[in-house]
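Here is what each chain is made of, one letter per residue.
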Amino acid sequence: MTDQTQSSPQPTGTDRVNKRVAMLGAGKMGSILIEGLIRSGRFTRDQIAATVQHENRAAKLAERLQVPVTTDNAAAARDADLIFIGVKPFTVIDVVRQIKPVLTPEKLIISFAASVKTRAIEDATELLGMPVVRAMPNTPAMLGAGMTALSGGRYATVQHLQLAASLFESVGRTVQVDEKHLDAVTGLSGSGPAYIYIILEALAEAGVKVGLPRDAATLLAAQTTYGAARMVLETGEHPALLKDAVTTPAGCTADGLLEIEEGGLRVTLIKAVMRATERARVLAGG
Ligand SMILES: NC(=O)c1ccc[n+]([C@@H]2O[C@H](COP(=O)([O-])OP(=O)(O)OC[C@H]3O[C@@H](n4cnc5c(N)ncnc54)[C@H](OP(=O)(O)O)[C@@H]3O)[C@@H](O)[C@H]2O)c1
């Protein structure tokens, strides 16, 4: 079987979606998504309801997001057409069991919990034909610069996947992958912002070390990272070619790159993604 990988262009369309949303587990990522969906203009606040675990959190979140927030997953799911699941991986199946009595195959479950397979969710619904889409977003979704990979379960149609993709496009780019790749996606782009923050922090520290004011060093590091990422995305050139364009023969960059290779940055990053991917493979099991 060949891989089904399709990436989206930049976010498009602001067509209103005439469906009701339940965000079960509106923590960091769930709140980002609610805000993105509203900002996109495709949903109004009265189309969205959310749940959390703790009553006191529910009240605070309701005030912040201006949507109803409760601790009753089944009630929120009953009134919804699109049911997002954003609790921690080990809680996903419990939540699916809670909402089981109100599920119908006309609804769509979209889980963005790491590690939990669509099949485990389908089985927990005990409903033949329940469509499930699995997504792996990342935190830059907060600024509309997120990266989300999506994969459909056994009963998810092309239309379900397109709908799910269009929702995540309200917070960034999307790509469709085979589900077997989603743990790798978690290890690369799900955890990836943390790796990049370390690189940024190190570059800023380096700037201070060579005499730059801290603010300037952080700006130089962050804008350089942003610019380099845009060069890769927008020119479509291989990163190695773009690197060569910065590296004048016998110039300064070549000396810097020598240090990077000697320090093992490349191997370290590869190992980081491999370790995070392995962890994602077992996370749902606790
Ligand atoms: N953060 C990321 O970068 C990221 C990226 C991709 C995917 N994810 C996935 O997103 C999920 C959530 O991560 P997060 O970082 O957003 O964590 P989080 O901030 O801790 O959010 C989890 C939320 O789930 C709520 N919750 C717990 N048990 C619940 C229950 N039984 N019913 C309803 N709500 C319940 C919690 O409520 P309380 O607030 O009341 O405790 C909390 O609001 C995880 O599965 C993770 O794998 C996260």
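Computed from a predicted structure; not experimentally measured.

(A) Structural detail: the site of the ligand. Near the ligand you find 23 residues, and of these Lys28, Met29, His54, Arg57 and Val87 are the closest. The separation between an oxygen atom of the ligand and a polar main-chain atom of Lys28 is 2.9 Å. Considered on its own, the ligand offers 890 Å² of accessible surface; in the complex 83% of this is hidden by protein. In the shell around the ligand, the residues fall into 11 nonpolar, nine polar and three charged.

(B) Spotlight on the domain arrangement of the protein. On domain assignment, one finds that the protein holds domain 1 (4–178) and domain 2 (192–283). The straight-line distance from the C-alpha centre of domain 1 to that of domain 2 is 32 Å. Across the boundary between the two partners, domain 1 contributes seven residues, which contact seven residues of domain 2. Each partner contributes to the roughly 470 Å² buried at the junction of domain 1 and domain 2, and carbon and sulfur atoms together form 59% of this total. When the buried surface of domain 1 facing domain 2 is broken down by residue, Pro89, Ser115 and Arg173 rank first, second and third, together holding 59% of it. Inspection of the domain 1/domain 2 interface yields zero salt bridges. One can count two residue pairs in polar contact (both at pLDDT 80 or more) joining domain 1 with domain 2. Of the residues in the side of domain 1 that touches domain 2, the class split is three nonpolar, three polar and one charged.

Rules and cut-offs
Residues numbered from 1 in each chain as written. Predicted model: local features only at pLDDT ≥ 70, side-chain atom pairs only at ≥ 80, totals over all residues. Heavy atoms only, no water. Near = heavy atom within 4 Å. Polar contact = N/O pair within 3.5 Å; in protein donor to acceptor, adjacent residues only side chain to side chain. Areas by Shrake-Rupley, 256 points an atom, 1.4 Å probe, with all protein chains shown as cover. Nonpolar A, V, L, I, M, F, W, Y, C, P; charged D, E, K, R; others polar. Domains from an automatic or database assignment. Contact = heavy atoms within 4.5 Å. Buried area = accessible area lost by both parts, 1.4 Å probe. Salt bridge = Lys/Arg side-chain N within 4 Å of Asp/Glu carboxyl O.

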